[in-house]
Amino acid sequence: MLASATVARIETILEPHLGPFESASWWARADRAAGELSALFEALFGDDAPRLLDAVFVAVAQATARRPVDLRAMDARRQATPDWFHAPDRVGYVAYVSRLCGTLAAVAEHLDYLEELGVNYLHLMSVLRARDGQNDGGYAVVDYADVDPRLGTWDDLVNLTTALRQRGISPCIDVVVNHTAYEHRWAKAARAGDPRYRQFYLMFPDRTMPDRYEETLPEVFPQMAPGNFTWDADAAAWVWTTFNSYQWDLNYANPDVFVEMLEVMLTLANAGVEVLRIDAVAFTWKRLGTNCQNQPEAHYLAQAFRSLLDVAAPGVLVKAEAIVAPSDLSAYLGAYPSERRECHLAYHNQLMVMLWSSIASGETRLAAASLASLAATPVDAAFCTYVRCHDDIGWAVDDALAASVGLDGPAHRAFLAAFYRGDFPDSFAAGVAFSTNDDVGDERTCGTTAELCGVQKALRSGSVHELDLAVRRIELLYGVSLGFGGIPLIYMGDELGIGNDEDYAVDVLHADDSRWIHRPQMDWSGASRRHSAGSVEQRVFESFRRLLSARRGAAALSTGGRTYIAAYDDPAILAWVREHDVHGRLLGVANVAARHARLPFEALAWCGIEEATDLLGWRDIRRDSKELVVAPYGVAWFTDAGTSALQPPPVGSARTV
Ligand code: GLC
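Residues numbered from 1 in each chain as written. Predicted model: local features only at pLDDT ≥ 70, side-chain atom pairs only at ≥ 80, totals over all residues. Heavy atoms only, no water.

### Looking at the packing of aromatic side chains
Here is step 1 of the chain: What the rule picks out here adds up to 36 aromatic pairs.
Here is step 2 of the chain: Here the aromatic rings of F41 and F258 are separated by 5.4 Å at their centres, their planes lie at 80 degrees, and the arrangement is edge-to-face. Of the two residues, F41 sits in helix 2 (residues 20-45) while F258 sits in helix 12 (residues 255-270), which places them 217 residues apart along the sequence.
Here is step 3 of the chain: Exposure remark for F258: the relative accessible area of 0% places this residue in the buried category.
Here is step 4 of the chain: Both rings, one in Y96 and one in W516, keep their centres 5.8 Å apart while their planes meet at 25 degrees; by these two values the pair is stacked. Taken together, the positions of Y96 in strand 1 (residues 92-96) and W516 in the loop between strand 17 (487-491) and helix 22 (524-528) put the pair 420 residues apart, joining distant regions of the chain. Considered together, Y96 and W516 belong to a single accessibility category, that of buried residues.
Here is step 5 of the chain: The cationic tip of R191 hangs over the ring face of Y182; the distance from NZ or CZ to the ring centre is 3.9 Å. (Phe/Tyr/Trp six-rings, centres within 6.5 Å; stacked < 30°, edge-to-face > 60°. Helix = DSSP H or I, 4+ residues; strand = E, 2+ residues; numbered from the N terminus. Buried < 20%, exposed > 50% of the residue type's maximum accessible area, 1.4 Å probe, protein only. Lys NZ or Arg CZ within 6 Å of the ring centre and 35° of its normal.)

See the structure below:
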């Protein structure tokens, strides 16, 4: 499908670098990608498609020629084991470099700590050069080919990725694809009137089109940055700015933008980055009359990036940052009526939201209905499960699903926002509001895991009982996240029960963005208490170690398994089944309430009620004469390991949602 002159040119580029076997493999990948891309490019770029196809394959061949030999060896290993990334022992850790330890070079000094925890995937934030002043936590990039000088140099990045690779830790960094900083050289050229670069952005001479788009556009930051367009006097135009006014949305209808961003990704892959987190991918395509999120073309773009990266760097993963409604989520993993290759990974924001929803209300009907509504995950992709991250929690509760379990969607969202603000009677949480939008009745939530679970509130009140419950809530949330299947991510400090940074607003650059309350400095002195018996840090850290060590033995969490939801009569029970054709099954049981919850014995019939193995050691669950009793906020992971005559899976004896 490539022009013969292009094929000849590519052969000249590759010939000095690839031996016959590597070359054969490269062309096999390229042929597959070309097949996928011709349809994608035609849908995205129409008549430009053939020209573009030739251009991107030349770019990919050049990147292959530049790719260091050790990374090519890693690619070869991973092609032979394409499921390398979601083994049961894979665990991620997420941190701002500046907050973790200050510089890229210093990260290397903390790898022993991460290894002690069992981490082998590390998402480092805000690595590339962002604008000075306010920069949305680094998500306003001025130069994708440079490291933020406060953190170090490009060589430091390469040294760090090399050190991580040697330890078997996969580095992940962000590629902010939807927008650049206003000071990026493309934006500067656009403002100076360069016609090529004006086409890189979405600019309008007057309010006619912006007003029409605004009719259906939501606001992402209604308080910090109201509206989706910003007037720029230099450009004499209204510029599309979904997020902050200094973040200019790129125009992906222009194929040159695609090619430039592909180059960014290839360069990062060749610097040893193993997971590219495609930031705000849901927003990359605009369509009048819609909310301009999750458009089919946003998926085509993600598929095209993935397809081309697979040619140049097949050991590298693409992760979608698409924090969207449950009905839109699984598509980023390629889950269509007929599956397509899209992102290897995506955030499971539904699980995250539903966990918080469940422990606030003490019941799981909404969680079960929402999680059961998701399309099945393709076997070669995985969700990243998580409890907290650097962003706010948006209460993504689907109104129809809420209604199906007798809840009013808007009222439940309002309840969750008030509960986690701590303003609801008996709330254990101490979070703060983010982006309150009274016009549409929306409010999001900020706060660390420990604060939202009540650790600091309990410490302030001096209640031993409340502290115990708060620590158990953290264990519960991570007990589900770590046992659900996919790659679980630990947000920096959660493993120590770290609290909010109440001083965040002292920094004028952060004062209007309450997300900084849950982006504190890493508490290394707290970390040093992780082995001091009785400290909060020790209790929480030990919980993580216990869960993580059990997880390594949970074969059913291996790649290729399916997770589905089972339901039992007690509404405090969230139960899920992870089923794998070769590696057996795991039944996860979590009690989201502060009371005891009950399960019928039959829940364990599939693995033999008497012989059932709880990988978490029967700490939170016991058999009484009639049923299984789960302690407040208790978790258990039952497996059929070691049993002979297997019964049907537990949903057979339960009420399936
Ligand atoms: C992503 C980031 C978030 C940022 C936004 C805009 O959602 O996680 O921190 O504000 O993109 O770049």
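From this point on, the discussion continues.
### Quick word on the environment of F221
Here is step 1 of the chain: Considering the arrangement of structural elements, one finds F221 in the loop between helix 11 (208-214) and strand 8 (229-232).
Here is step 2 of the chain: Note on F221: relative accessible area 3%, which makes it buried.
Here is step 3 of the chain: Between the C-alpha atoms of F221 and S435, which are 214 residues apart in sequence, the distance is 5.9 Å.

### Some points on the nonpolar core
Here is step 1 of the chain: Ranked by internal contacts, the top residues of the largest apolar core, which has 205 residues, are F41, F57, Y93, M261, W356 and Y420.
Here is step 2 of the chain: Two domains share this core, each providing at least three of its residues, namely domain 1 (185-249) and domain 2 (555-656).
Here is step 3 of the chain: Apart from the residues within four sequence positions on either side, W356 is in contact with V387, R388, I393, W395, L416, Y420, T449, L452, C453 and L477.
Here is step 4 of the chain: Core analysis: the next-biggest nonpolar cluster, separate from the first, contains 22 residues, A575, A603, I621 and A636 among them. (Core = buried A, V, L, I, M, F, W, Y, C linked by side-chain atoms within 4.5 Å. Domains from an automatic or database assignment. Contact = heavy atoms within 4.5 Å.)

### A word on the pattern of salt bridges
Here is step 1 of the chain: Evaluated as defined, the whole model comprises 47 salt bridges.
Here is step 2 of the chain: The shortest N-O distance in the salt bridge between R515 and D136 comes to 2.6 Å. With R515 in the loop between strand 17 and helix 22 and D136 in the loop between strand 3 (128-130) and strand 4 (141-147), this residue pair connects regions lying 379 residues apart in the sequence. In this structure, R515 and D136 share a single accessibility class: buried.
Here is step 3 of the chain: Within the structure, one salt-bridge network assembled from shared partners comprises R32, E36, R306, D310 and R341. (Salt bridge = Lys/Arg side-chain N within 4 Å of Asp/Glu carboxyl O.)

### So, unusual backbone geometry
Here is step 1 of the chain: Within the chain, S126 stands out as a residue other than glycine whose phi angle is a positive 60 degrees.
Here is step 2 of the chain: Inspection of the secondary structure assignment puts S126 in the loop between strand 2 (121-125) and strand 3.
Here is step 3 of the chain: Located in the positive-phi region is W618, a residue other than glycine, with phi close to 55 degrees.
Here is step 4 of the chain: Mapped onto the secondary structure, W618 falls in the loop between strand 22 (613-614) and strand 23 (621-623).

### Considering the site of the ligand
Here is step 1 of the chain: Residues in close proximity to the ligand include D136, Y139, H179, F221, F243, Q247, R277, D279, E321, H390, D391 and R515, which together make up its full environment.
Here is step 2 of the chain: Residue E321 places a side-chain N or O atom 2.9 Å away from an oxygen atom belonging to the ligand.
Here is step 3 of the chain: At 3.0 Å, a side-chain N or O of R515 approaches an oxygen atom of the ligand.
Here is step 4 of the chain: Protein contacts shield 95% of the accessible area of the ligand, which totals 310 Å² for the unbound molecule.
Here is step 5 of the chain: For the shell around the ligand, a count of residues per class yields three nonpolar, three polar and six charged. (Near = heavy atom within 4 Å. Polar contact = N/O pair within 3.5 Å; in protein donor to acceptor, adjacent residues only side chain to side chain. Areas by Shrake-Rupley, 256 points an atom, 1.4 Å probe, with all protein chains shown as cover. Nonpolar A, V, L, I, M, F, W, Y, C, P; charged D, E, K, R; others polar.)

### Things to note about the state of the cysteines
Here is step 1 of the chain: Under the defined criterion, the tally for this structure stands at zero disulfides.
Here is step 2 of the chain: You can see C389 has no disulfide; the closest cysteine sulfur is in C446, sitting 9.6 Å from it.
Here is step 3 of the chain: Overall, the relative accessible area of 14% leaves C389 in the buried class. (Disulfide = S-S within 2.5 Å.)

### Focus: the sheet that holds strand 12 (residues 317-320)
Here is step 1 of the chain: Reading around the circumference, 1-2-5-11-12-13-14-17 is the order of the eight strands in this closed barrel, with parallel pairing throughout. Taking the axes of each pair of neighbouring strands and ignoring which way they run, one obtains an average angle of 30 degrees across the sheet.
Here is step 2 of the chain: Pairing of strand 1 with strand 2 involves five bridges; the strand directions are parallel. Within strand 2, the position partnered with Y96 by the bridge is M125. (Pairing = 2+ DSSP bridges. Axes fitted to C-alpha atoms, helices over the stretch in contact; angles between N-to-C directions.)

### A short note on helix 15 (residues 349-361)
Here is step 1 of the chain: A rise of 1.5 Å per residue sets the reference length of helix 15, with its 13 residues, at 18 Å; its end C-alpha atoms lie 18 Å apart and thus fit the reference within 8%.
Here is step 2 of the chain: Taken across its 13 residues, helix 15 has 12 buried, putting it largely inside the fold.
Here is step 3 of the chain: Every buried residue of helix 15 is accounted for by N349, Q350, L351, M352, V353, M354, L355, W356, S357, S358, I359 and A360.
Here is step 4 of the chain: Directly beyond the C-terminal end of helix 15, a positive phi value near 75 degrees is found at G362. (Expected span 1.5 Å × (residues − 1).)

### Focus: the environment of A411
Here is step 1 of the chain: Within the element layout of this structure, A411 appears in helix 18 (residues 409-421).
Here is step 2 of the chain: Under the relative-accessibility criterion, A411 is labelled partly exposed at 43%.
Here is step 3 of the chain: Along the backbone, A411 and G441 are 30 residues apart, and their C-alpha atoms lie at a distance of 9.5 Å.

### Focus on the side chain of R530
Here is step 1 of the chain: The topology assignment puts R530 in the loop between helix 22 and helix 23 (536-552).
Here is step 2 of the chain: Among the polar contacts listed, one links the side chain of R530 to the side chain of E116, at a separation of 2.6 Å.
Here is step 3 of the chain: At 2.8 Å, the side chain of R530 forms a polar contact with the backbone oxygen of A527.

### A short note on the sheet that holds strand 24 (residues 627-630)
Here is step 1 of the chain: Reading across the sheet, the three strands line up as 21-24-23 and stay open at both edges, with antiparallel pairing between neighbours. The outermost strands of the open sheet, each flanked by one partner alone, are strand 21 (597-600) and strand 23. Strand after strand, the sheet turns through a mean of 25 degrees between neighbouring axes, direction not considered.
Here is step 2 of the chain: Pairing between strand 23 and strand 24: three bridges, direction antiparallel. Pairing of R622 across the sheet is with V629, part of strand 24.

### Quick word on the environment of E116
Here is step 1 of the chain: Within the secondary structure, E116 is located in helix 7 (residues 111-117).
Here is step 2 of the chain: Taking C-alpha positions, E116 is 8.5 Å from R545, a pair spaced 429 residues apart along the chain.
Here is step 3 of the chain: Not counting the four nearest positions on each side in its chain, E116 is found in contact with R530, H531, F541 and R545.
Here is step 4 of the chain: At 2.9 Å, the side chain of E116 forms a polar contact with the side chain of H531.

### A word on the confidence of the model for the protein chain
Here is step 1 of the chain: When pLDDT is averaged across the protein chain, the result is 94; 97% of the residues are at 70 or more.
Here is step 2 of the chain: Contacts for the low-pLDDT stretch residues 642-657, under 50 throughout, to residues beyond four places or in other chains number 37 contacts. (pLDDT = per-residue confidence, 0-100.)

### Concerning the side chain of S126
Here is step 1 of the chain: Judged by relative accessible area, which is 16%, S126 ranks as buried.
Here is step 2 of the chain: Polar contacts involving the side chain of S126 include one to the main-chain carbonyl oxygen of G137, which spans 3.3 Å.
Here is step 3 of the chain: Among all residues touching S126, those that are not within four sequence positions of it are Y96, G137, G138, D148, L151 and D174.

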